[in-house]
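Below, each chain spelled out in residue letters.
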Amino acid sequence: MAFALGVVVFALGIAISIALHEAGHMVTAKAFGMRVRRYFIGFGPKIFSFRRGETEYGMKWIPAGGFCDIAGMTALDEVTEEERPRAFFRKPTWQRVVVLSAGSITHFLIAIVLIYALSLTSGLPNVSDTPVAGQISCAANQTSPSALEPCGPGVATPAADAGLRSGDTIVSVAGTPTPDWAAAVAAIQASGGPTPIVVDRDGQRLTLTMDIPKVQRLDPQTGRPREVGAIGVSQQLVFHYNALSAVPATFSYTGQMFAQVWQGLLMFPEKVPRLIDAIGGGQRDLETPVSVVGASVIGGDLAERGLWQVFVQLLVVLNLFVGVFNLLPLLPLDGGHIAVNLYERVRDWVRSRLGKVPMPPVDYTKLLPLTYVVILIGGAVSLLTLTADIVNPIRPFE
């Protein structure tokens, strides 16, 4: 039951995001006085529609997107004499760019709202691997790949003895900078005896001297015990905030997620062969692309296990990805239309500086071959992803 609920809620979240994307175009277009003919969610046969003022609103059967029909969006779009004064192409370039960008901006705003909600409820994960101290205990020997000896009398507690507190950020160990948790662990394991450790506590730098003992740890490669330094502290994996401190944390986390989404987008072409391999029965994991269907299934799995915070994070990533992808300067994406409008503006500015008259709008018929190539490639990848999600879905908990 929880799985089905998760699938439905996630799919509904995607549908709402699509509706708001198109609403972003519509609201900004109307704000600038453009004529909006239609606002529809979905494609294919019409389920219903109604008219309010000059705009027809409705829904269609295929929930694979939506559209906002603005009069005069391109030079190919025929407009009536009544529409011409308020046509898209008659407005200043900056207004056209705002309208075209509004869909992606809406996705970004949705992501920011969701991240802020997470920061106030379940907290935000430590995605940057910041070396912040979490639980402080003892420096115990390791007994298995996933367990340490229990703390007891006589077991050293160097972190607690030196005054380290949960929430302290480890800046350096014995003079070695520790920009992330992995660097902090490596520096601590290489140390022994009295060792200066610099921490940041509420913006103030403090130097704590810890008497680092040597303990047994299992080598992750060989599984054999080895002697390393330890101070008895774990990493803080989730940060919690109040309504005020959550604001900068939300924008910081959004920036980190932007960077990850952009990196994933750059690596997307090299993931396509893995997608083809997955269709043939190869290994399928979270590193391979997923369709809306696959993402909804993952959402169902997360809901079934009560991992609603990860569920929301998945919606965040999806919105950021769609927002960034839609701004790529390729037709028929919004980014392609933005590129054409900016090109026209720069071209006419240069011509005016040379004393020449402006040229007509770009002839979109000359761009149709490139547009068809983008549609063909995008459709092929979408079909591959959907096929993989049907024959070899990602089930991270199986």
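See the structure above.
Scope of this entry: the structure provided in the associated data block.

Calculation criteria
Residues numbered from 1 in each chain as written. Predicted model: local features only at pLDDT ≥ 70, side-chain atom pairs only at ≥ 80, totals over all residues. Heavy atoms only, no water. Helix = DSSP H or I, 4+ residues; strand = E, 2+ residues; numbered from the N terminus. Rg over C-alpha atoms; globule rule 2.2 N^0.38 Å. Buried < 20%, exposed > 50% of the residue type's maximum accessible area, 1.4 Å probe, protein only. Contact = heavy atoms within 4.5 Å. Areas by Shrake-Rupley, 256 points an atom, 1.4 Å probe, with all protein chains shown as cover. Lys, Arg positive; Asp, Glu negative; His and termini not counted. Charge placed at Lys NZ, Arg CZ, Asp CG, Glu CD. Polar contact = N/O pair within 3.5 Å; in protein donor to acceptor, adjacent residues only side chain to side chain. Salt bridge = Lys/Arg side-chain N within 4 Å of Asp/Glu carboxyl O. Pairing = 2+ DSSP bridges. Axes fitted to C-alpha atoms, helices over the stretch in contact; angles between N-to-C directions. Patch = residues over 30% accessible without salt bridge, like charges linked within 9 Å, V, L, I, M, F, W, Y side chains within 5 Å. Phe/Tyr/Trp six-rings, centres within 6.5 Å; stacked < 30°, edge-to-face > 60°. Core = buried A, V, L, I, M, F, W, Y, C linked by side-chain atoms within 4.5 Å.

On to the overall build of the protein chain, then. From N to C terminus, the protein chain includes 10 helices and 14 strands. In terms of C-alpha radius of gyration, the protein chain reaches 27 Å, well past the compact-globule figure of 21 Å for 398 residues. Considered along the principal axes of its C-alpha atoms, the protein chain spans approximately 90 × 55 × 40 Å. Looking at the protein chain residue by residue over its 398 residues, the buried ones come to 41%. In the protein chain, 63% of the contacts between residues at least 6 apart in sequence involve partners at least 24 apart. For the protein chain, the computed accessible surface area is about 21,300 Å², with 64% contributed by carbon and sulfur atoms. Each charge class in the protein chain can be summarised by its mean position, and for the 31 positive and 31 negative side chains these summaries are 10 Å apart.

Next up on the list: the side chain of Ser-291. The residue Ser-291 is located in the loop between helix H6 (268-279) and helix H7 (292-304) in this model. In terms of polar contacts, Ser-291 uses its side chain to reach the backbone amide nitrogen of Val-293, at 3.3 Å.

Attention shifts here to the pattern of salt bridges. In the structure shown here, the tally under the stated rule is 15 salt bridges. A salt bridge links Arg-37 to Glu-83; the shortest N-O distance between them is 2.9 Å. With a gap of 46 residues between them, Arg-37 in strand S1 (residues 36-52) and Glu-83 in the loop between strand S2 (55-70) and helix H2 (93-120) connect regions that are remote in the sequence. Assigned by exposure class, Arg-37 and Glu-83 land together as buried. If you follow the salt bridges from partner to partner, you end up with Arg-37, Arg-38, Asp-69, Asp-77 and Glu-83 in one network.

Here the amide bond leading from Leu-331 into Pro-332 is cis, since omega sits at 10°, within 30 degrees of zero. When you line up the elements, Pro-332 lands in the loop between helix H8 (308-325) and helix H9 (334-353). The residue Asp-129 is not glycine, and still its phi comes out positive at about 60°. By secondary structure assignment, the location of Asp-129 is in the loop between strand S3 (124-125) and strand S4 (133-136). With a phi close to 55°, Ala-174 is a non-glycine residue in the positive phi region. Position of Ala-174 among the secondary structure elements: in the loop between strand S7 (169-173) and strand S8 (176-177).

With that out of the way, let us pick up the sheet that holds S8. Pairing is antiparallel across the open sheet formed by four strands, whose spatial order is S8-S7-S9-S10. Each edge of the sheet is formed by a strand with only one pairing partner; in this case those strands are S8 and strand S10 (204-212). Inspection of the sheet shows strand S9 (residues 193-201) paired to S10 by nine bridges, in the antiparallel sense. Note that in S10 the partner of Arg-201 across the bridge is Gln-204. Running over the sheet, helix H4 (residues 181-189) touches S7, S8 and S10 and is turned about 45° from S7.

Together, Phe-43, Ile-47, Phe-48, Phe-50, Met-59, Trp-61 and Ile-62 make up a nonpolar patch on the protein surface, roughly 660 Å² of accessible area in all. Ranked by residue count, the leading element in the nonpolar patch is S1, at four residues. Mapped onto the fold, Ile-47 is located in strand S1. We classify Ile-47 as partly exposed; its relative accessible area is 37%.

This brings us to the packing of aromatic side chains. Across all of its chains, the model carries nine aromatic pairs by this definition. Arranged with centres 5.3 Å apart and planes meeting at 80°, the rings of Phe-32 and Trp-94 form a pair that is edge-to-face. Taken together, the residues Phe-32 in the loop between helix H1 (2-31) and S1 and Trp-94 in helix H2 connect sequence positions 62 residues apart. Ring geometry for Phe-50 versus Tyr-57: centroids 5.6 Å apart, planes at 20°, classification stacked. Here Phe-50 falls in the partly exposed class, since its relative accessible area comes to 38%.

Counting residues in hydrophobic clusters, the biggest one holds 24 residues, and the most contacted among them are Phe-10, Leu-124, Phe-311 and Leu-320. For this core, the elements supplying multiple residues, two or more each, are H1, H2, helix H5 (246-266), H7 and H8. The element best represented in this core is H8, accounting for six residues. The contacts of Phe-10, once residues within four sequence positions are left out, are Ala-295, Ser-296, Gly-299, Phe-311, Leu-314, Leu-315 and Leu-318. By size, the runner-up hydrophobic cluster in this structure holds 17 residues, among which are Ala-162, Val-173, Ile-212 and Ile-231.

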